[in-house]
Protein chains: 2
Amino acid sequence: MATQISLDDTFAALADPTRRAILARLLDGEASVAELAQPFALTVRAISKHVGVLEQAGLVTRSRAAQKHLSRIELKPLRDIDRWLDDYRKLWEDRFDRMEDLLRRGADKKE
Amino acid sequence: MATQISLDDTFAALADPTRRAILARLLDGEASVAELAQPFALTVRAISKHVGVLEQAGLVTRSRAAQKHLSRIELKPLRDIDRWLDDYRKLWEDRFDRMEDLLRRGADKKE
DNA sequence: TAGTTCTGGAACTAAATGGTTCTATAATGT
DNA sequence: ACATTATAGAACCATTTAGTTCCAGAACTA
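Residues numbered from 1 in each chain as written. Chains lettered and ligands numbered in written order. Predicted model: local features only at pLDDT ≥ 70, side-chain atom pairs only at ≥ 80, totals over all residues. Heavy atoms only, no water.

Enquirer: Is there a simple way to explain the packing of aromatic side chains in this structure?
Expert: Think of a pair of aromatic rings as described by two things: how far the centres are apart, and how the planes are tilted against each other in angle. One pass over the structure, following the stated rule, counts five aromatic pairs over all chains. Note on Phe 11 of chain A and Trp 84 of chain A: the rings are 5.4 Å apart at their centroids and 75 degrees apart in plane angle, and the pair reads as edge-to-face. On the criterion of sequence distance, the pair formed by Phe 11 of chain A in helix H1 (residues 7-14) and Trp 84 of chain A in helix H5 (residues 76-92) is long-range, its members being 73 residues apart. On the basis of relative accessibility, which here comes to 15%, the residue Trp 84 of chain A falls in the buried class. Each member of the aromatic cluster is reached from another via a ring pair, and the members are Phe 11, Trp 84 and Tyr 88 of chain A together with Phe 11, Trp 84 and Tyr 88 of chain B. (Phe/Tyr/Trp six-rings, centres within 6.5 Å; stacked < 30°, edge-to-face > 60°. Helix = DSSP H or I, 4+ residues; strand = E, 2+ residues; numbered from the N terminus. Buried < 20%, exposed > 50% of the residue type's maximum accessible area, 1.4 Å probe, protein only.)

Enquirer: What is the right way to read the protein's contact with DNA strand D from this model?
Expert: Around DNA strand D, the structure places 17 residues, and the nearest of them are Thr 43, Lys 49 and His 50 of chain A together with Ser 48 and Arg 62 of chain B. Within the contact set of DNA strand D, a phosphate oxygen lies 2.9 Å away from a side-chain nitrogen or oxygen of Arg 19 of chain A. Within the side chain of Lys 49 of chain A, an N or O atom sits 2.7 Å from a base oxygen of DNA strand D. Elements with a minimum of two residues in the surface near DNA strand D: helix H4 (44-56) of chain A together with helix H3 (33-37) and helix H4 (44-56) of chain B. Ranked by residues supplied to the surface near DNA strand D, first place goes to H4 of chain A with four residues. A class-by-class count of the residues in the surface near DNA strand D yields five nonpolar, six polar and six charged. (Near = heavy atom within 4 Å. Polar contact = N/O pair within 3.5 Å; in protein donor to acceptor, adjacent residues only side chain to side chain. Nonpolar A, V, L, I, M, F, W, Y, C, P; charged D, E, K, R; others polar.)

Enquirer: I keep staring at the protein's contact with DNA strand C and nothing clicks. Help me out?
Expert: Every one of the 19 residues lining DNA strand C counts as a neighbour, but Ser 48 and Arg 62 of chain A together with Thr 43, Lys 49 and His 50 of chain B are closest to it. Sugar and phosphate atoms represent 64% of those atoms of DNA strand C found within 4 Å of the protein. Between Val 33 of chain A and DNA strand C, the recorded distance is 3.2 Å, taken from a backbone N or O atom to a phosphate oxygen. Arg 62 of chain A places a polar side-chain atom, nitrogen or oxygen, 2.5 Å from a phosphate oxygen of DNA strand C. Mapped onto the surface near DNA strand C, the elements with two or more residues apiece are helix H3 (33-37) and H4 of chain A together with H4 of chain B. For the surface near DNA strand C, the leading source of residues is H4 of chain B, giving four residues.

Enquirer: Looking at this model, I keep getting lost on the nonpolar core. Mind explaining?
Expert: Most often, soluble globular proteins keep nonpolar side chains buried together rather than apart. Core analysis: the biggest nonpolar cluster contains 50 residues, and Leu 23 and Leu 78 of chain A together with Leu 23 and Leu 78 of chain B have the highest contact counts within it. Sequence-distant contacts of Leu 78 of chain A, that is, excluding residues within four places in its chain, are made with Leu 14 and Leu 59 of chain A together with Trp 84, Leu 85, Tyr 88 and Trp 92 of chain B. (Core = buried A, V, L, I, M, F, W, Y, C linked by side-chain atoms within 4.5 Å. Contact = heavy atoms within 4.5 Å.)

Enquirer: Looking at this model, I keep getting lost on helix H2 (residues 17-26) of chain B. Mind explaining?
Expert: An α-helical turn contains 3.6 residues, so a residue and the one three or four places further along point in the same direction. Those residues of H2 of chain B that sit buried are Thr 18, Arg 19, Arg 20, Ile 22, Leu 23 and Leu 26 of chain B. With a side-chain oxygen positioned 2.8 Å from the backbone nitrogen of Thr 18 of chain B, the residue opening H2 of chain B is Asp 16 of chain B.

Enquirer: What am I meant to see in the interface of chain B and chain A here?
Expert: Contact residues are listed per partner, giving 34 residues for chain B and 34 residues for chain A. Between chain B and chain A lies a buried interface of about 3300 Å² when both sides are counted; carbon and sulfur atoms form 63% of it. Area buried by chain B at its contact with chain A is led by Arg 79, Tyr 88 and Trp 92 of chain B, which between them contribute 20% of it. Our count for the chain B to chain A interface comes out at four salt bridges. Among the ionic pairs, Arg 20 of chain A bridges to Asp 8 of chain B, the shortest N-O distance being 2.7 Å. One can count six residue pairs in polar contact (both at pLDDT 80 or more) joining chain B with chain A. Elements with a contribution of two residues or more to the side of chain B that touches chain A: helix H1 (7-14), H2, helix H5 (76-92) and helix H6 (95-107) of chain B. Tallying contributions element by element places H5 of chain B first for the side of chain B that touches chain A, with 13 residues. A class-by-class count of the residues in the side of chain B that touches chain A yields 18 nonpolar, one polar and 15 charged. (Buried area = accessible area lost by both parts, 1.4 Å probe. Salt bridge = Lys/Arg side-chain N within 4 Å of Asp/Glu carboxyl O.)

Enquirer: Even after reading the chapter, I still don't get the relation of the copies chain B and chain A, so can you show me in this structure?
Expert: Superposing the two chain copies requires a rotation about an axis and a translation along that axis. Once turned by 180 degrees and shifted 0.0 Å along the axis, chain B lies on chain A with an RMSD of 0.0 Å. Put plainly, the chains are arranged around a two-fold axis. Here 100% of the interface residues in chain B have copies in chain A that are interface residues too; the copies meet face to matching face. (Least-squares fit on C-alpha atoms with pLDDT ≥ 70 in both.)

Enquirer: What exactly am I supposed to notice about the pattern of salt bridges here?
Expert: When the charged atoms of two side chains lie near each other, side chains of opposite charge can form a pair. Residues and elements named next belong to chain B. Considering all chains together, one arrives at 17 salt bridges over all chains under this definition. A salt bridge links Glu 55 to Arg 62, with the nearest nitrogen and oxygen atoms 3.1 Å apart. Look at Glu 55 and you get partly exposed, because its relative accessible area is 32%. Here Lys 76 and Asp 80 are joined by a salt bridge, their closest N and O atoms 3.3 Å apart.

Here it is as structure tokens:
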């Protein structure tokens, strides 16, 4: 029954670059907190808290295999955001907007 | 030149239900702060601040026509989120995941 | 049994957030 | 010139957030 996650929580969880990086890392498969912490200049505890936030937002589930609690990415909240975007997507899929998009892609090569 | 908006700011701006409601409202066209404030049990000033946050996140631009500063929705940051989702979308577009999706849609009739 | 590893709880801090009220300013209507 | 309307700035407050450090417990390893 998944306790119904709010868009509020999902968006808030994604508003942090560390958490987005963790999520990206989890695309490569499950990982322990220690493993997730490795690339960052942060305490393991800090990462543990970030994973906690992701878990609260339903973006991650954990299975404790021995003392290594493995984190796994969950897609449902992301699909919810995708669906939320639908109303706006309609607008930018207009022919007119598409031209603007092409122009901007050209101009935004940086980043 | 639009000062390059970060995903951080965009996600943070969208993490508030009031701000998402304002954005949805702006799908129907431009509006003044006073107009935007009307549906909410909040001070006009509070709404003004919310619009400020949306503006900072590049989701809204304003044109001051007389004393009515009209807010207008901007789609670019939303398209950026859409593109950010691409990596994850790949996963849930797998045949296997699609089955799970159908099951969940059935189970999530509530909300 | 004793030591090591992995993680979460508790307590703390600094900064950001969402809200308020009150005031100032700028443009419009009379 | 004066009152009205629409908005932003400033100051303030309570709550949340992201981080730290230190400690405790659970599970392997020897």
